[in-house]
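Here is how the chains run, residue by residue.
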Amino acid sequence: MTLNEVDHDLVERVNVILREYYSLQKIVLAIDGSEGSEGTILFANVMAYRVFGYDASIYELLGRNITDLMYRQKDRVEHTSFLKKYREGKKPPMVLSVGRDVDARSKDGTWIPVNLAVREERSIKGKIVFVAFMTDLSSLQRAKDQAEDAARQKATFMANMSHEIRTPMNSIIGRADLLKKEKKLPEDVMENIDTIHVASQTLLGIINDILDFSKIEANKLELEKTCFSPRKLLEDVLKMIETNAVAKGLSLSLEVDSKVPEVVIGDPTRLHQVLVNLLSNAIKFTRKGGIVVGAKLIDSSGFNAELQFSVKDSGIGIDPEKQKLIFEPFSQEDDSTTRKFGGTGLGLSISKKFVTLMKGKIWVESKKKRGSIFYFTAVFGIADECFLEDEEEILPEDIGKIKILLVDDNISNIALMKMYLKKTACTIVTADNGKDALEKYKKDAYDLVLMDVEMPVMDGWTATQEIRKWERKKATKETPIVMLTAHALSEHKEKADQIGSTDFMTKPLKQTYLFQTIAKHTAAQKPK
């Protein structure tokens, strides 16, 4: 098509449409750039009046200076000098051709985020005129603020839910563990205790799944790197799940290839979680027979080792067309699965995410009514200097005569901690809030402080900070402070480190872990 063949009526119609669009959707201003009247508004469209809140019927914007629409004092101060430099040909940093986000101001002083682009026009009655095109970003900003606020509320809700569930779970699981150690209880009582223990662990697993899924959605899930033994981890997992298997009359066996490295570098917690998820499912969906857990070396090159793990069961199996769906969030083979066997439908989805983070993959081989084998691979680091410290069992008599300040507002948790430490030589002083703890700490010397986080009057975070301030003021040696929390989010551990705590323990607490932590931070072990 040549220039003469252009449909001028069509071009004019398009121009009309564009003018209507800009009039209705864009803020358009014309600004005088001439010396002596720099920044005077010469034109403002209807949208400008609407957004900035001025009266269009009396052309209230005309004759005003553009600086009246600038939110920041810095922008107002620099505006006139920018125009002057521009006239002098020095090309200051102005918004010509390419737009950028700036802060505008309405008549009532409200901040309005806008995207601004400016075009220069020199042919309007000999004036230097700048035409500004702005897009109101308020709705986008509000949506962003709402999304961020929703994310914060969700994170707060998840943290509070974790705390509220884990706090009573700490007492239930702790007391069940203590009762399981009793040797003189009748068999039927022990069966009831086992049931309580299994049910509690199941509930704890559900809350862990929900929290992990929340972290995955927020992209806050990170892997740690530490030395651990794959073989020992597998043995610990089987030991943990053994009660559930025995209750259903199922056999458990472990097959670890001799080529699997004794020590690797990776995230043992997440690996443990994947294996527990797979084993829990295997036990849940198997009525008779047994479960075999396997591990073998796939590849070893340079500083990495790729391992393959497997969990084989003799359970109900999975239809071929359903096998891909089970790794999706909230998915199970069908609705009847949830009714018959329970569960959130999150375990395999979370396991898949963990495996992906470990640079591996997960899949299943299964036939209906003939059992299933879940496989997954993971890549771990290998280092010559990586070694494991032997975790010596700490017995009650190994804890010496130390004085502990126990700070917790939950009566059941205090009672449980006292039961845990009953056979030790510890002296325990209690405080039910941070303020009370601070006052007692200033009046007496303690070998260790066990500090709960969520408390009335003064929380554990504030109390710990105040204790550290007091120690610095008095130039005294820091007493080990171990934070106790029912929150399971990594942010809380990071916060504990930042405020000066010595260690961090998540409820439910195991007695053995409590003993190890006390011994670790005090010279309390029995002399060898």
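Going by the structure above, here's the rest.
A few points on the structure. (Residues numbered from 1 in each chain as written. Predicted model: local features only at pLDDT ≥ 70, side-chain atom pairs only at ≥ 80, totals over all residues. Heavy atoms only, no water.)

Side note on the overall build of the protein chain
Put simply, the rule is: Numbering of helices and strands runs from the N terminus; a helix is a DSSP stretch of H or I covering at least four residues, while a strand is a stretch of E covering at least two. Exposure categories follow from relative accessible area, calculated using a 1.4 Å probe and restricted to protein chains: below 20% of the type maximum is buried, above 50% is exposed, and the middle band is partly exposed. The criterion used for residue contact is that any of the two residues' heavy atoms lie within 4.5 Å. Accessible surface is estimated by sampling points in the Shrake-Rupley manner with a 1.4 Å probe; for residues, cover comes only from the protein chains shown.
Scanning the protein chain from terminus to terminus reveals 14 helices and 17 strands. Looking at the protein chain residue by residue over its 528 residues, the buried ones come to 42%. Pairs at least 24 residues apart make up 64% of the contacts formed inside the protein chain by residues separated by at least 6 positions. Surface accessibility of the protein chain: about 29,700 Å² in total, with carbon and sulfur atoms responsible for 53%.

Brief notes about the side chain of D452
The following threshold applies: Here a polar contact is taken to be a pair of N or O atoms separated by no more than 3.5 Å, where protein atoms must pair a possible hydrogen donor with a possible acceptor and residues adjacent in sequence count only if both atoms sit in side chains.
Here D452 shows up in strand β15 (residues 448-452). Under the relative-accessibility criterion, D452 is labelled buried at 2%. A distance of 3.1 Å separates a polar atom in the side chain of D452 from a polar atom in the side chain of K507. The contact partners of D452, leaving out residues within four places of it in the chain, are V407, D408, D409, G460, L484, T485 and K507.

What to know about helix α6 (residues 230-247)
Stated precisely, the cut-off is as follows: A helix is expected to span 1.5 Å multiplied by its residue count minus one. The seven residues ending at a residue and the seven starting there each receive a fitted axis; the angle between those axes is the bend at that residue.
Here α6 spans 26 Å end to end across 18 residues, near enough to the 26 Å set by a 1.5 Å rise per residue. Most pronounced at I241, the bend in α6 amounts to some 45 degrees. Every buried residue of α6 is listed here: P230, L233, L234, V237, L238, I241 and A245. Buried residues belonging to α6 abut β6 (226-228), β7 (251-256), β8 (264-266), α7 (268-284), β9 (290-301) and β10 (304-313). Phi turns positive, to about 75 degrees, at G249, one or two residues after α6.

A word on the pairing of strand β16 (residues 481-485)
Applied cut-off: What makes two strands pair is DSSP finding at least two bridges between them. Seen with the strands pointing away from the viewer, any crossover whose path from the first strand over the helix to the second strand runs clockwise is right-handed.
In terms of burial, β16 is largely enclosed, as 5 of its 5 residues are buried. Covered by surrounding structure in β16 are I481, M483 and T485 together with V482 and L484, the residues of both alternating faces. Bridge count between β15 and β16: 4 bridges; the pairing is parallel. Its bridge partner lying in β16, M451 is registered against M483. You can see the chain leave β15, run along helix α12 (residues 460-474) and come back into β16, and the turn it takes is right-handed. Here 4 bridges tie β16 to strand β17 (residues 503-506), and the two strands are oriented parallel to one another. In the sheet register, T485 faces β17, and the bridge partner there is T506.

Here we look at the environment of L203
Locating L203 in the fold gives a position in helix α5 (residues 187-217). Judged by relative accessible area, L203 falls into the partly exposed class, the value being 40%. Considered as a pair, L203 and I165 are 38 residues apart in the sequence and their alpha carbons are 9.0 Å apart.

Some thoughts on unusual backbone geometry
If you check the backbone angles, K359 has positive phi at about 60 degrees while not being a glycine. By the element assignment, K359 lies in the loop between α9 (347-357) and β11 (362-366). Here K359 falls in the exposed class, since its relative accessible area comes to 67%. Of note in this structure, K369 is not a glycine but carries a positive phi near 65 degrees. When you line up the elements, K369 lands in the loop between β11 and β12 (372-381). Here K369 falls in the exposed class, since its relative accessible area comes to 74%.

Considering empty space enclosed by the protein
Put simply, the rule reads: With a 1 Å grid spanning the protein atoms alone, the term cavity applies to any set of points in which a 1.4 Å probe fits but cannot get out, the term pocket to an open set with protein on both sides within 12 Å along at least five of seven lines, and the term lining residue to any residue with an atom within 4 Å of a point. Grid points are joined across faces, edges and corners, and a volume is the space filled by probe spheres set on the points. Residue type decides the class: Asp, Glu, Lys and Arg count as charged, Ala, Val, Leu, Ile, Met, Phe, Trp, Tyr, Cys and Pro as nonpolar, and the leftover types, Gly among them, as polar.
Summed over the entire model, instances satisfying the criterion amount to 1 cavity of 30 Å³ or more. Approximately 30 Å³ is the volume found for the largest cavity. In terms of lining, the largest cavity is formed by N170, L406, D408, N413, M417, L484, K507 and L509. Of the residues assigned to the lining of the largest cavity, the class counts are 4 nonpolar, 2 polar and 2 charged.

Digging into the sheet that holds β15
Put simply, the rule reads: Lines are fitted to the C-alpha atoms to define the axes, a helix being fitted only along its stretch in contact, and any angle between axes, read from their N-to-C directions, falls within 0 to 180 degrees.
One open sheet accounts for 5 strands, arranged β14-β13-β15-β16-β17; its pairing is parallel. For this open sheet the edge positions go to β14 (427-431) and β17, each flanked by a neighbour on one side alone. Neighbouring strand axes in the sheet, compared pairwise and without regard to direction, differ in orientation by 20 degrees on average. Seen against the sheet, helix α10 (residues 411-420) touches β13 (403-407), β14, β15 and β16 and runs at an angle of roughly 175 degrees to β14.

Observations regarding the packing of α6 against α7
As a reminder, the rule being used: Roughly parallel means an angle under 35 degrees; roughly antiparallel means over 145; roughly perpendicular covers 65 to 115; every other angle is labelled oblique. Note: crossing handedness is left-handed where the near helix turns anticlockwise from the far helix by less than a right angle, and right-handed where it turns clockwise.
The contact between α6 and α7 brings their axes to 10 Å, and the two run at 30 degrees. By the angle between their axes, α6 is roughly parallel relative to α7. The handedness of the crossing between α6 and α7 comes out as right-handed. Facing α6, whose interface residues are L233, L234, V237, L238, M240, I241, N244 and A245, α7 presents P268, L271, H272, L275, V276, L279, S280 and I283. In terms of residue class, the contact of α6 with α7 is built from 13 nonpolar, 3 polar and no charged.

Some thoughts on the pattern of salt bridges
The condition is simple: By definition, a salt bridge exists where a carboxyl oxygen of Asp or Glu is found within 4 Å of a side-chain nitrogen of Lys or Arg.
Tallied over the full model, the rule gives 13 salt bridges. The salt bridge partner of R64 is D68, with a shortest N-O separation of 3.5 Å. Residue R64 is classed as partly exposed on the basis of its relative accessible area of 30%. As a salt-bridge pair, R468 and E478 come within 3.8 Å of each other at their nearest N and O atoms.

Some remarks on the nonpolar core
The nonpolar side chains of a soluble globular protein tend to be buried with one another. To keep things clear, this is the line we draw: Definition used in this section: a nonpolar core is a set of buried Ala, Val, Leu, Ile, Met, Phe, Trp, Tyr and Cys residues joined via side-chain atoms within 4.5 Å.
F309, F376 and F380 are the most contacted members of the largest nonpolar core, which totals 39 residues. When residues of this core are traced back to their parent elements, those giving at least two are α6, α7, β9, β10, α9, β11 and β12. Among the elements that take part in this core, α7 stands out by supplying 8 residues, more than any other. With residues up to four places along the chain from it excluded, the contact list for F309 reads L234, L271, L275, G294, A295, F374, Y375, F376 and F380. L29, I112, F130 and M134 belong to the second-largest nonpolar core, a separate cluster that totals 27 residues.

Here we look at the environment of E121
Considering the arrangement of structural elements, one finds E121 in strand β4 (residues 111-124). Spatially, the C-alpha atoms of E121 and V131 are 7.3 Å apart, while their sequence positions differ by 10 residues. With near-sequence residues (within four places) excluded, E121 lies in contact with K127, I128, V129 and V131.

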